[in-house]
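The lines below spell out each chain.
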Amino acid sequence: MVCSFHCPSIVPDFQTCLCKWAFHLQLSIVVNEVNFVRKCISAESSQDDLWGKLICTNFKVSFISHDALPKQRSQVSHLLLGEHDIPLTCLEQVVTVNDTKGKKKVLSSNQKLKFNPTELILYCKDFRIIRFCFDEAGPESAKKVCLAIAHYSHPADPQLLFGFEYRGRQYHGSSGEQSNGTTLGRGFQTPLFDRPSEWDREIKRTGAAEWRVCSINEGYAISPSLPEYFVVPVSLADQDLKQYSDSFTDKRIPMWCWNHPNGSALVRMASITDQLQQRKIDQRICTGITKSHPQRSDVLRSDLDKALPNIQEIQSAFVKVRQICVIDPFEESEEKWLSSIESSQWLEYVRVFLKHSAEIVYLLEGKNASVILQEEGDRDLNCVVSSLVQLMLDPHYRSLIGFQSLVQKEWVMAGHRFLDRCNHLKKNDKEESPLFMLFLDCVWQMMNQYPAAFEFTETYLTVLSDSMWIPVFSTFLFNCPQQHAEHLMDFTKSKRIPLGEEKVLHFPPVWDWSQQFSLKDQTLFNNPMYVGKGASCVQNGTVKTFRRTKHKTYSSTLRGVPSALRNGLKDGHDTLTRRNSLLAQLRPDFSQMREVVESPSERFFRDWFSRPADQKGLLIPQLLPSHVTLWRLYFLRWVPEACILKGGPVTAYQKLSQLVDEIEMLQSKLRQYKGPTPASTPISSPSGPPSDQRRMYFQARTPDETPATPEYLSSSFPFTPVGNLCRRNVHGTPISKFLNGAKIWLSTETLANETL
């Protein structure tokens, strides 16, 4: 039976669906609503539009349809959001239109609206564009709901974000089923790095014997933006660190990130503001890091402020690529669509960050040197580069739990300003910058090049990016752990919660995926091709386990960061400071350069690319323009013209998932047949594990089933572009060729003739 409240999946029990919708309605407050609203489904005609009620709560904009739902597209269901729901923090712009008077207005908080709107267009931060029409709705009711949406999407204070109300209501309405304020679920093996023991485990895991957990910032006594516990060299005493802290921006003492098996360390730090003490403090910090290295190797520094684009440049590129992907029409003027994407510089910035990270990898792995990443505030560019370097070097961070711990360690606990960079309060557009989105795009580029090296999927990365706009998770709501603690304390006092029970109010981290998805839907995060630790690959019918020979050390007289990479970058200049070059010059074939003396960095990258990539070892991304491509699922998932029915990468994912599920079922049956072994326990079920305990979302077919692609599968799966404002569909335009992987671009007229 289909629920009349139109939850995004078919629920066998109507009462279960009704209770679920009512539960979330109770946790939020209905502010305003209007009936007889039409949600536009197609830009071509109103035939498929839905009629219903538009509701504004203090959490989201909801549309409850009066019409019967179309045939079910998928079984994926979000536990916090319905199919037509938009969190208020996800709204970029609220635009009201009056067609008869030819008026349009962008609404913000506490504004007046002098005309009765006939349309409402919502521009969302996840690239959706939603359009509602008020043909039959009462004009005053329509005006009020538009003003309410604009007002509540611009909270004046962090405590007005829905997460605080959500936790408060759960606290007062809980019946003991909560554990530390969070329902424990899958993913909660992820360390939060809010206690010394979790840092100790990371030190032991990486073999960083000459590093220790430092607790001088307990209670945020030294720096408000650093975590209470972090890692420093054993040779640096707490008293010295306290003394040095005054000389750093925001008192951010240098903080250990990771240790290479060869002993070299990756460290991040803010700029030294005390110029008189700079040389002295620099020397002492470098001496401490040098002493932590078993070979007492050099310490090299990379100044990211000079080497990489700044946050405003990154924001500008992101806005441009969004405009090109979801707003500009695909007409004749867009026959150079790929050039438009290229000129936005978004892909160039992705490539630059990957390139710089690979160069840091060379210093750690090839030169056996410790590296300090320096940025003025140590809270933006350092987060991106330190995470990418570790992702390239350490396969642990390419597992699901490892990746989540990496983000928790290098972004959340390191004090990345998520509240400001996501602009949740919409106070200062100049502070907004999609650095985390840039990082996820860089991760996707590596996944696209090395698909078997990552335990998680691009669906996982996309869902993680969407979670930034759901204001109930501590991960993305605050600028630093201290701000989180401070606001919770203030909120506890305002709600008169007894002293000692404030911990119950702690926001769940996003890593508790049970807050958003069922266990079944979480299996969409699992990569069927993953060759994790101890796994093997099949090549040409034979099983092989990749092994990389012990790496060489590449000596060099260079004191700075090298600039050459094997895959297409021309040597000769320090490319770290070049921000504006759109495409690097391609290097000639290596066979023509035998007489040219290779630099150590060139030799390092040439040697690495000359061998098969070890999916369980060091990974270096390829950086030619043909290798760094647009992340289609993220950027084009809401564009109807870009949606390929029964096509796209998901079709291969479906077949591979079914194959892996069938193999795992057979392995389960073999274990039952052979009996228990030290490494496994037989499953009681004669047909293998129950379907809700299997790893793959798409499960093996029974002999009776026909091998058909499900109707709901498309290149946008598990998302759907239906209901998003689209441009007039023009077949044969450059985007259709792009989606089909065409190498040669023709004029729009030629392409149109081809499709006839």
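Structure: above.
Residues numbered from 1 in each chain as written. Predicted model: local features only at pLDDT ≥ 70, side-chain atom pairs only at ≥ 80, totals over all residues. Heavy atoms only, no water.

Colleague: Sorry, what's going on with the overall build of the protein chain here?
Modeller: When you go through the protein chain residue by residue, the secondary structure sums to 23 helices and 16 strands. Here the protein chain holds 756 residues, and 55% of them are scored as buried. Considering only residue pairs separated by 6 or more positions, the protein chain has 73% of its internal contacts joining residues 24 or more positions apart. Carbon and sulfur atoms make up 52% of the accessible area of the protein chain, which amounts to about 33200 Å² in all. (Helix = DSSP H or I, 4+ residues; strand = E, 2+ residues; numbered from the N terminus. Buried < 20%, exposed > 50% of the residue type's maximum accessible area, 1.4 Å probe, protein only. Contact = heavy atoms within 4.5 Å. Areas by Shrake-Rupley, 256 points an atom, 1.4 Å probe, with all protein chains shown as cover.)

Colleague: Help me understand empty space enclosed by the protein, please; the structure alone is not making it clear to me.
Modeller: To find the voids left in a structure, one rolls a probe of water-molecule size over its atoms. Applying the stated rule across the entire model yields seven cavities of 30 Å³ or more. Reported here for the second largest cavity is a volume of approximately 190 Å³. Lining the second largest cavity are 19 residues, and of these Phe318, Arg421, Glu432, Pro434 and Trp469 sit closest to its centre. Taken together, the elements giving at least two residues each to the lining of the second largest cavity come down to helix 8 (311-327), helix 13 (418-421) and helix 14 (435-449). In terms of residues, the lining of the second largest cavity owes the most to one element, helix 8, which gives four residues. Broken down by class, the residue content of the lining of the second largest cavity amounts to eleven nonpolar, three polar and five charged. (1 Å grid on protein atoms, 1.4 Å probe; cavity = no way out; pocket = protein on both sides within 12 Å on 5 of 7 lines; lining within 4 Å. Points joined across faces, edges and corners; volume = space filled by probe spheres on them. Nonpolar A, V, L, I, M, F, W, Y, C, P; charged D, E, K, R; others polar.)

Colleague: Before we go on, may I ask you to explain the pairing of strand 2 (residues 50-57) in this structure?
Modeller: Put simply, side chains in a regular strand alternate between the two faces of the sheet. For strand 2, a buried count of six out of eight residues is recorded, marking the element as mostly surrounded by other parts of the structure. The pairing of strand 1 (residues 30-39) with strand 2 spans seven bridges and is antiparallel. Within strand 2, the position partnered with Val37 by the bridge is Gly52. Alignment of strand 2 against strand 3 (residues 60-65), held across five bridges, turns out to be antiparallel. Along strand 3, the bridge assignment pairs Lys53 with Ile64. (Pairing = 2+ DSSP bridges.)

Colleague: Honestly, the pairing of strand 6 (residues 103-107) in this entry has me stumped. Any pointers?
Modeller: Here five bridges tie strand 5 (residues 91-98) to strand 6, and the two strands are oriented antiparallel to one another. Paired with Val94 across the strands is Leu107, a residue of strand 6. The turn joining strand 5 and strand 6, which pair antiparallel and follow one another in sequence, is formed by four residues; a positive phi near 65° is taken by Gly102.

Colleague: How should I be thinking about the sheet that holds strand 14 (residues 370-374) in this particular structure?
Modeller: Strands in a sheet are paired, the pairing made by backbone hydrogen bonds, and the direction either parallel or antiparallel. If you walk across this open sheet you meet the four strands as 11-12-14-13, and the pairing is mixed. Each of the sheet's edge strands pairs with one partner strand only, and the pair in question is strand 11 (255-259) and strand 13 (299-303). Across the sheet, the mean angle from the axis of one strand to that of its neighbour is 25°, orientation sign disregarded. Pairing geometry for strand 12 (residues 265-269) and strand 14, over four bridges, is parallel. Across the sheet, Val267 pairs through a bridge with Ile372, a residue of strand 14. With respect to the sheet, helix 10 (residues 346-366) is in contact with strand 12, strand 13 and strand 14, its orientation differing from that of strand 14 by roughly 150°. Strands in contact with helix 11 (residues 381-393) are strand 11, strand 12 and strand 14; relative to strand 12, the strand with the most contacts, it is inclined by about 170°. (Axes fitted to C-alpha atoms, helices over the stretch in contact; angles between N-to-C directions.)

Colleague: I'm lost on the sheet that holds strand 1 in this one. Help?
Modeller: Taken together, eight strands build an open sheet; the order of strands is 4-3-2-1-8-7-5-6 and the sheet is antiparallel. The sheet terminates laterally at strand 4 (86-87) and strand 6, the two strands that pair on one side only. The strands touched by helix 2 (residues 139-152) within the sheet are strand 1, strand 2, strand 3, strand 5, strand 6 and strand 7 (119-124), with strand 1 carrying the most contacts at an inclination of about 125°.

Colleague: Please clarify how the packing of helix 8 against helix 10 should be interpreted in this entry.
Modeller: Helices that pack against each other are described as a pair by the angle of their axes relative to one another and the distance between those axes. Contact geometry of helix 8 with helix 10 gives a least axis separation of 8 Å together with a crossing angle of 135°. As far as their axial angle goes, helix 10 and helix 8 are oblique. Counted together, Glu313, Ile314, Ala317, Phe318 and Val321 of helix 8 and Trp346, Tyr349 and Phe353 of helix 10 form the full contact between these two elements. The class makeup of the residues in the contact of helix 8 with helix 10 is seven nonpolar, no polar and one charged. (Parallel < 35°, antiparallel > 145°, perpendicular 65-115°, else oblique.)

Colleague: Could you clarify how one ought to interpret the packing of aromatic side chains in this entry?
Modeller: Pairs of aromatic rings are described using the distance from one ring centre to the other and the angle between the two planes. A full pass over the atoms with the stated rule returns 46 aromatic pairs. Measuring from ring centre to ring centre gives 5.1 Å for Trp411 and Phe436, while their planes differ by 80°; the resulting arrangement is edge-to-face. Of this pair, Trp411 sits in helix 12 (residues 400-412) while Phe436 sits in helix 14, and the two are 25 residues apart along the sequence. The burial state of Trp411 is the same as that of Phe436; both residues are buried. Through pairs of rings, three or more aromatic residues link up here, namely Phe403, Trp411, Phe418, Phe436, Phe439, Phe454, Phe456, Tyr460, Phe476, Trp513, Phe517 and Phe525. (Phe/Tyr/Trp six-rings, centres within 6.5 Å; stacked < 30°, edge-to-face > 60°.)

Colleague: I keep staring at helix 6 (residues 278-291) and nothing clicks. Help me out?
Modeller: Structural remark: α-helix, 3.6 residues per turn; residues separated by three or four positions point the same way. Across its 14 residues, helix 6 extends 20 Å between first and last C-alpha, which sits within 8% of the 20 Å expected from 1.5 Å per residue. Within the sequence span of helix 6, burial applies to Ile281, Asp282, Ile285, Cys286, Gly288 and Ile289. The buried side chains of helix 6 occupy one side of the element, clustering within an arc of 155° when seen end-on. Opposite the buried face of helix 6, at more than 90 degrees from it, the exposed residues are Arg279 and Gln283. Taken together, the buried residues of helix 6 touch strand 9 (211-214), strand 10 (230-233), helix 5 (238-245), strand 12, strand 13 and strand 14. (Expected span 1.5 Å × (residues − 1). Arc of directions from axis to C-beta.)

Colleague: Please explain the environment of Leu347 as it appears in this structure.
Modeller: Along the polypeptide, Leu347 turns up in helix 10. Along the sequence, Leu347 and Thr629 sit 282 residues apart, while their C-alpha atoms lie 7.0 Å from each other. Those residues in contact with Leu347 that sit more than four places away from it in its chain are Ile341, Gln445, Val628, Thr629 and Leu630.

Colleague: Quick question: what am I supposed to make of the pattern of salt bridges here?
Modeller: Where side chains of opposite charge bring their charged atoms close, a pairing between them can arise. A full pass over the atoms with the stated rule returns 30 salt bridges. Residue Asp194 is joined to Arg195 by a salt bridge in which the shortest nitrogen-to-oxygen separation is 3.4 Å. The salt bridge involving Asp607 is made with Arg606; its shortest N-O contact spans 3.8 Å. In the salt-bridge network here, residues are joined through shared partners; they are Arg252, Arg268, Asp378, Lys409 and Glu410. (Salt bridge = Lys/Arg side-chain N within 4 Å of Asp/Glu carboxyl O.)

Colleague: Is there a simple way to think about the packing of helix 11 against helix 12 in this case?
Modeller: One way to put it is that helix 11 packs onto helix 12 with a least axis distance of 10 Å and a crossing angle of 150°. Relative to helix 12, the element helix 11 lies roughly antiparallel. In this structure, the crossing between helix 11 and helix 12 has a hand that is right-handed. Contact residues: Cys383, Val384, Ser386, Ser387, Gln390 and Leu391 in helix 11; Phe403, Leu406, Lys409, Glu410 and Trp411 in helix 12. (Left-handed = near helix turned anticlockwise from the far one by under 90°.)

Colleague: Would you take a moment to explain the nonpolar core for this structure?
Modeller: What tends to happen in soluble globular proteins is that the nonpolar side chains get buried as a cluster. Phe403 and Phe635 are the most contacted members of the largest nonpolar core, which totals 173 residues. It is helix 10 that provides the largest number of residues to this core, a total of 13 residues. Contacts of Phe403, omitting those with residues within four sequence positions, involve Leu391, His396, Tyr397, Phe439, Leu440, Val443, Phe456, Tyr460, Leu461 and Leu464. Formed by nine residues, the second largest nonpolar core is a distinct cluster that contains Leu161, Leu425, Phe491 and Phe507. (Core = buried A, V, L, I, M, F, W, Y, C linked by side-chain atoms within 4.5 Å.)

Colleague: Whenever I open this one, unusual backbone geometry confuses me. Can you help?
Modeller: Most peptide bonds are trans, and most residues other than glycine sit at a negative phi. With omega at 5°, the peptide bond leading from Phe717 into Pro718 counts as cis. For Pro718, the position within the fold is in the loop between helix 21 (649-674) and helix 22 (734-739). Its identity as a non-glycine residue notwithstanding, Arg296 has a phi of 50°, on the positive side. Mapped onto the elements of the fold, Arg296 is located in the loop between helix 6 and strand 13.

Colleague: How do you make sense of a positive patch on the surface when you look at a structure like this?
Modeller: There is a patch of like positive charges on the surface, built from Lys101, Lys103, Lys112 and Lys114. For Lys114, the location among the structural elements is in the loop between strand 6 and strand 7. (Patch = residues over 30% accessible without salt bridge, like charges linked within 9 Å, V, L, I, M, F, W, Y side chains within 5 Å. Lys, Arg positive; Asp, Glu negative; His and termini not counted. Charge placed at Lys NZ, Arg CZ, Asp CG, Glu CD.)

Read these as layout, nothing more, since geometry by itself doesn't imply function.
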